[in-house]
Structure formats: structure tokens, C-alpha cells
Amino acid sequence: AMRYVVFILMGVIGTILSGTVFSASFDLAGLGIQIDLVLLLVLALVLVEKNLTPIIFAAAAGLLMDMMFSTTLGMYALSYTVAAAAASIVAHRMEKFNSLHIFLIGVGGYVVKELVMALIVFAQGARQFDLSAIFLRDMLPSAAFCGGLLLLAYLLVSLLYRKAWMRPRVSSHFMDEL
């Protein structure tokens, strides 16, 4: 039960910080760097949990983001869930991963999330954005930043998982069923 309290706290605090403190992109050497705290938590959980928990966490935290900060219901929920699922598939195919793998999962997770968001905006009828320019100017620098920050997030979440009450009771590998 304690681990679910921790998940709820992580989700709520992450969502509030993502929607307030980290909502504006900050200027770093002329690049608009966006920090997505919820995505970092989702990806860090994917790396430590070998089950569906991170994907459920992604959907729930995404819905909370949608309800609090988005005009489009499902924008965050869908993009976080797709990013979590994609990262899970990649992470669970690896037996061991090093810091480069973690960095790349951070980069890839960010890009997947942004592309899903762009698709949703596109589906709503927005046609006036140049994806290639957005990709190079905003998305890639932010994705690289996300990769770097995921190393820190992974470290912190791993420390949290050293506590016995954070570990899942049954560790089942959901990728084995696929």
C-alpha cells in the first residue's frame, strides 16, 4: 500500500511542478529547453519496474496534467502513455543497461511524447506549424536535456526502490506474454 501512496505523491507533485515551475521553456544558449518532470518520472519508473505500473502511472499523471493544465483532454495522457509503452518495450529488451542506454531512452521518450502531441495538434486541424524547424530548434535540444536529466531521475528512483516497501510483490515480466 505504501508504494501506491508514493506513486500518487510523485504523480501529483510532478504534475504540479511540470505545470507551474517547469511549464515555461527556459533559454539556454538561445535554445528553448523544456523540462518535463512527469515524463522524467515515467521514464525512470520504466527503467526500475518490469511491469505495467509505469504505463498506468503515465496515463494517470497524464490525465491529471490534462485536467489541470491542458485545453485538450488526452493530450498529455496519450503522449505520456505512448512514450512509457515505447520506452518499456526498449528497456525490457535490454538485459543490462548503462548510462548511454538511459540517456538514449530519455532522448527517445521525449521525442515520442512530442511527436504524439504534434499529431494530436495536427489532428485537431492545426496546419501552420513547421515540424522540422520545431524538431531541430526545440525538440532535439530538450530531448538531449531530458536524456541527461533521466540519469539523475533514474538514480533517485533507484535509491527509492532500495526500500523494501517500494518493490512490487510479484515481479512478473509482462514482455514475456507478448
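Scroll up for the structure.
Report on the accompanying structure. The structure displayed is predicted, hence computed values, not measured ones.

## Remarks on the packing of helix 4 (residues 75-93) against helix 5 (residues 99-123)
Where helix 4 meets helix 5, the closest approach of the two axes is 8 Å, and the angle between their N-to-C directions is 145 degrees. Where helix 4 crosses over helix 5, the handedness of that crossing is right-handed. On the side of helix 4, the interface is formed by Met-75, Tyr-76, Leu-78, Ser-79, Tyr-80, Val-82, Ala-83, Ala-87, Val-90 and Ala-91, while helix 5 contributes Ile-105, Gly-109, Val-112, Lys-113, Val-116, Met-117, Ile-120 and Val-121.

## Thoughts on the environment of Asn-51
Topologically, Asn-51 is positioned in the loop between helix 2 (37-48) and helix 3 (53-69). Under the relative-accessibility criterion, Asn-51 is labelled buried at 12%. At 2.8 Å, the side chain of Asn-51 and the side chain of Glu-49 are in polar contact. Within the structure, the side chain of Asn-51 is placed 2.8 Å from the side chain of Thr-53, a separation counted as a polar contact.

## Here's the deal with the packing of aromatic side chains
Inspection of every chain in the model, using the stated rule, returns 4 aromatic pairs. Arranged with centres 5.7 Å apart and planes meeting at 35 degrees, the rings of Tyr-76 and Tyr-80 form a pair that is tilted. Here Tyr-76 pairs with Tyr-80, and both are found in helix 4, just 4 residues apart, close to one helical turn. An aromatic cluster of at least three residues, connected via ring pairs, comprises Tyr-4, Phe-7 and Phe-57.

## A few points about helix 3
Helix length check: helix 3 (17 residues) gives 24 Å between terminal C-alpha atoms against 24 Å at 1.5 Å per residue, within 8%. Among all positions of helix 3, only Thr-53, Pro-54, Ile-55, Phe-57, Ala-58, Ala-61, Gly-62, Met-65 and Asp-66 are buried. Each element contacted by the buried residues of helix 3 is listed here: helix 1 (2-19), helix 2 and helix 4.

## Let's talk about the pattern of salt bridges
By the definition in use, this model includes 3 salt bridges. Taking the shortest distance from any N to any O, the salt bridge between Glu-49 and Arg-3 comes out at 2.8 Å. Taken together, the residues Glu-49 in the loop between helix 2 and helix 3 and Arg-3 in helix 1 connect sequence positions 46 residues apart. Arg-3 sits in the buried class, given a relative accessible area of 6%.

What counts, and where the lines are drawn
- Residues numbered from 1 in each chain as written.
- Predicted model: local features only at pLDDT ≥ 70, side-chain atom pairs only at ≥ 80, totals over all residues.
- Heavy atoms only, no water.
- Axes fitted to C-alpha atoms, helices over the stretch in contact; angles between N-to-C directions.
- Helix = DSSP H or I, 4+ residues; strand = E, 2+ residues; numbered from the N terminus.
- Left-handed = near helix turned anticlockwise from the far one by under 90°.
- Contact = heavy atoms within 4.5 Å.
- Buried < 20%, exposed > 50% of the residue type's maximum accessible area, 1.4 Å probe, protein only.
- Polar contact = N/O pair within 3.5 Å; in protein donor to acceptor, adjacent residues only side chain to side chain.
- Phe/Tyr/Trp six-rings, centres within 6.5 Å; stacked < 30°, edge-to-face > 60°.
- Expected span 1.5 Å × (residues − 1).
- Salt bridge = Lys/Arg side-chain N within 4 Å of Asp/Glu carboxyl O.

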